[in-house]
Amino acid sequence: MSIDTINLLGMPQSAVEALFTELGEKPFHARQLMRWVYQRGVTDFDDMTDLSKSLRHKLQERTCIGLPEVLSQHDSADGTVKWLFESGFGQAVEAVFIPEADRGTLCISSQVGCALDCAFCATGAQGFNRNLSAAEIVAQVWHANRVLPRRDNDDADFAVTNVVFMGMGEPLANYRNVVPAIEILISDLAYGISRRRVTVSTSGLVPNIDRLGDECNVSLAVSLHAPNNDLRDELVPINKMHPIETLLEACWRYAEKRANRFITFEYVMLDGINDSVRHADELNALLEGKPAKVNLIPFNPFAGNDFARSPADAIMRFQNRLRQHGLVATTRKTRGEDIDAACGQLAGKVSDRVRNRLSEKRRRMATV
Ligand code: SAH
Ligand code: SF4
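Parameters at a glance
Residues numbered from 1 in each chain as written. Chains lettered and ligands numbered in written order. Predicted model: local features only at pLDDT ≥ 70, side-chain atom pairs only at ≥ 80, totals over all residues. Heavy atoms only, no water. Helix = DSSP H or I, 4+ residues; strand = E, 2+ residues; numbered from the N terminus. Rg over C-alpha atoms; globule rule 2.2 N^0.38 Å. Buried < 20%, exposed > 50% of the residue type's maximum accessible area, 1.4 Å probe, protein only. Contact = heavy atoms within 4.5 Å. 1 Å grid on protein atoms, 1.4 Å probe; cavity = no way out; pocket = protein on both sides within 12 Å on 5 of 7 lines; lining within 4 Å. Points joined across faces, edges and corners; volume = space filled by probe spheres on them. Nonpolar A, V, L, I, M, F, W, Y, C, P; charged D, E, K, R; others polar. Phe/Tyr/Trp six-rings, centres within 6.5 Å; stacked < 30°, edge-to-face > 60°. Polar contact = N/O pair within 3.5 Å; in protein donor to acceptor, adjacent residues only side chain to side chain. Expected span 1.5 Å × (residues − 1). Near = heavy atom within 4 Å. Axes fitted to C-alpha atoms, helices over the stretch in contact; angles between N-to-C directions. Left-handed = near helix turned anticlockwise from the far one by under 90°. Disulfide = S-S within 2.5 Å. Domains from an automatic or database assignment. Buried area = accessible area lost by both parts, 1.4 Å probe. Salt bridge = Lys/Arg side-chain N within 4 Å of Asp/Glu carboxyl O.

*Asks:* Would you take a moment to explain the overall build of the protein for this structure?
*Replies:* The helix and strand tally for the protein stands at 12 helices and 14 strands. Relative to its length of 368 residues, the protein is compact, with a C-alpha radius of gyration of 21 Å against a globular reference of 21 Å. Each principal axis of the C-alpha distribution contributes one length, and for the protein these read about 70 × 45 × 40 Å. Evaluated residue by residue, the protein yields a buried proportion of 55% over its 368 residues. The long-range share in the protein, meaning contacts at least 24 apart out of those at least 6 apart in sequence, stands at 66%.

*Asks:* Quick question: what am I supposed to make of the layout of surface pockets here?
*Replies:* Empty pockets left among the atoms are what a rolling probe the size of a water molecule brings to light. For the largest pocket, the calculated volume is near 1,200 Å³. Forming the walls of the largest pocket are 38 residues, and the residues nearest its centre are Arg-103, Val-164, Met-166, Asn-295 and Arg-332. Mapped onto the lining of the largest pocket, the elements with two or more residues apiece are strand S5 (92-100), strand S6 (103-107), strand S9 (162-165), strand S10 (198-202), strand S11 (219-223), strand S13 (292-298) and strand S14 (328-331). Examining the composition of the lining of the largest pocket, we find that five residues originate from one element, S13, more than from any other. Grouping the amino acids of the lining of the largest pocket by side-chain chemistry returns 17 nonpolar, 10 polar and 11 charged.

*Asks:* Help me understand the packing of aromatic side chains in this model?
*Replies:* Each aromatic ring pair is specified by the distance between its two centres and by the angle formed by the two planes. Counting across every chain of the model gives six aromatic pairs. Both rings, one in Tyr-38 and one in Tyr-191, keep their centres 5.7 Å apart while their planes meet at 75°; by these two values the pair is edge-to-face. Residue Tyr-38 is found in helix H2 (residues 29-39), and its partner Tyr-191 is found in the loop between helix H6 (175-186) and S10; the two are separated by 153 residues along the sequence. On the accessibility criterion, Tyr-191 (5% relative accessible area) is buried. Summarising the aromatic geometry, the rings of Phe-299 and Phe-307 are spaced 6.1 Å apart at their centres and angled 70° between planes, so their arrangement reads as edge-to-face. A relative accessible area of 1% places Phe-299 in the buried class. Phe-307 gets classed as partly exposed once you look at its relative accessible area, which sits at 22%. By the ring-pair criterion, three or more aromatic residues cluster together here, those being Tyr-38, Phe-158 and Tyr-191.

*Asks:* Would you explain the environment of Asn-177 in this entry?
*Replies:* Checked against the element boundaries, Asn-177 lands in helix H6. Asn-177 gets classed as buried once you look at its relative accessible area, which sits at 14%. For the pair Asn-177 and Leu-205, spaced 28 residues apart in the sequence, the C-alpha separation amounts to 16 Å. Contact partners of Asn-177, with chain neighbours within four places excluded, come to Asn-131, Leu-132, Ser-133, Ala-134 and Ile-137. A polar atom in the side chain of Asn-177 sits 3.0 Å from the backbone oxygen of Leu-132.

*Asks:* What exactly am I supposed to notice about helix H5 (residues 134-147) here?
*Replies:* Along an α-helix, residues three or four positions apart point the same way, because every turn accommodates 3.6 residues. For H5, spanning 14 residues, the distance from its first C-alpha to its last is 20 Å, which sits close to the expected 20 Å at 1.5 Å a residue. Burial analysis of H5 places 12 of its 14 residues in the buried class, which makes it a mostly covered element. Along H5, the residues that are buried comprise Ala-134, Ala-135, Glu-136, Ile-137, Val-138, Ala-139, Gln-140, Val-141, Trp-142, His-143, Ala-144 and Asn-145.

*Asks:* Teacher, can you tell me more about the site of ligand 2 here?
*Replies:* Neighbouring ligand 2 are Cys-114, Leu-116, Asp-117, Cys-118, Cys-121, Gly-124, Gly-169, Glu-170 and Ser-203. Grouping the amino acids of the shell around ligand 2 by side-chain chemistry returns four nonpolar, three polar and two charged.

*Asks:* Would you mind going over the packing of helix H10 (residues 277-287) against helix H11 (residues 312-324) with me for this structure?
*Replies:* Helix-helix packing is characterised by the crossing angle of the two axes and by the distance between the axes. Relative orientation of the contacting elements H10 and H11 amounts to 35°, with a least axis distance of 9 Å. Every pair of crossing elements has a handedness; the one defined by H10 and H11 is right-handed. Contact residues: Val-277, His-279, Ala-280, Asp-281, Leu-283 and Asn-284 in H10; Arg-317, Phe-318, Arg-321 and Leu-322 in H11.

*Asks:* Which parts of the structure should I look at to understand the state of the cysteines?
*Replies:* Note: disulfide means a covalent bond formed between the sulfur atoms of two cysteine side chains. One pass over the structure, following the stated rule, counts zero disulfides. Summary of cysteine pairing: Cys-216 is not part of a disulfide, and the nearest cysteine sulfur, belonging to Cys-251, is at 16 Å.

*Asks:* Sorry if this is basic, but what is going on with the domain arrangement of the protein here?
*Replies:* Size of an interface, as often reported, equals the accessible area lost when the parts are brought together. Assigned domains of the protein: these are domain 1 (6-64) and domain 2 (70-367). Placing a centre on the C-alpha atoms of domain 1 and another on those of domain 2 gives a separation of 33 Å. Each partner contributes to the interface: domain 1 provides 14 residues, whereas domain 2 provides 16 residues. By the criterion of area lost to domain 2, the three top residues of domain 1 are Leu-9, Tyr-38 and Gln-39, representing 45% of everything that side buries. At the boundary of domain 1 with domain 2, the tally comes to zero salt bridges. Connecting domain 1 to domain 2 are five residue pairs in polar contact (both at pLDDT 80 or more). For the side of domain 1 that touches domain 2, the element with the most residues is H2, which contributes six residues. Within the side of domain 1 that touches domain 2, the residues separate by chemical class into six nonpolar, six polar and two charged.

Structure follows, in structure tokens:
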């Protein structure tokens, strides 16, 4: 690929149309091109038989459909599949496909590593290297749909029916690339996934929650993990910048923009840390009467970390307590553990560029 070659993958329709106009072509050909790339998985312009020869030639000269290399695929005994995608300079990110009876969910990454350094997260423990481009985000869905068989028990066109930004990275810290990628996921010329079936999970970047509500309106999941600021400051350090009250206000504003559709609050169950009945009562006080549901995630251990998963009966007690209060609460099934594909275990390959600087900043914050 030459340096001037434009990658059409991950480019929203309006941008492809503008490019076609610049090439002296009719913009509506952009629609044909997008269908070839996403719906039929074709990347060779020569195979796009309903585009004129001259257009194909121009595209070959100036553009490409650039996909990252797939380094490996891992198949779990429970049907979960994980891929490692090359991200340049020896780095890699991961995506995980979780098949269920009524859906096929792809959990995708948005960054190489993550700078937010949550205490219980393998991605955070590796530090941050860079943002993924829109092309690299969309490529994860493109690849899964290409290699997995279409679902045969319903009329879905693709294996992937739902997408969650719950892989590596903080999607709202890469807003610039995540939003165009979402546009492709929901476009009828690509995968046509409804906004309801695309979920952005965030640890709480408040300003971008508001922007997302205005511009994108997909489903929102918020990594709460603690019912008070003292504990959340420890577990999710971004809480020092955007504390729980501010975060929840942004959540309720978001829900209002979506006709009060529920916001999912993720809560990782850490033995002896955040899993007592008292914590459940505190959590209820925050969410009572609001369009909220709670998804409890049994902690998934990884090397070099002292936390332990809450015992099953503690998780059940916590969930029941929330339900007694009238909250909707579920516990996430752990999938793909045998291939290190469970929530929070995605580490890919990251060589950290900024963590030292960041921990220095955190040290300074802690001493103020
Ligand atoms: N950065 C985003 C999305 C990626 S993480 C976020 O934090 O929301 C997806 C979910 O997995 C988050 O709720 C995250 O807190 C949770 N998670 C992280 N590490 C975990 C672990 N070791 N066990 C279980 N869940 C974990
Ligand atoms: Fe980043 Fe999310 Fe992991 Fe926190 S939980 S370090 S925000 S990926």
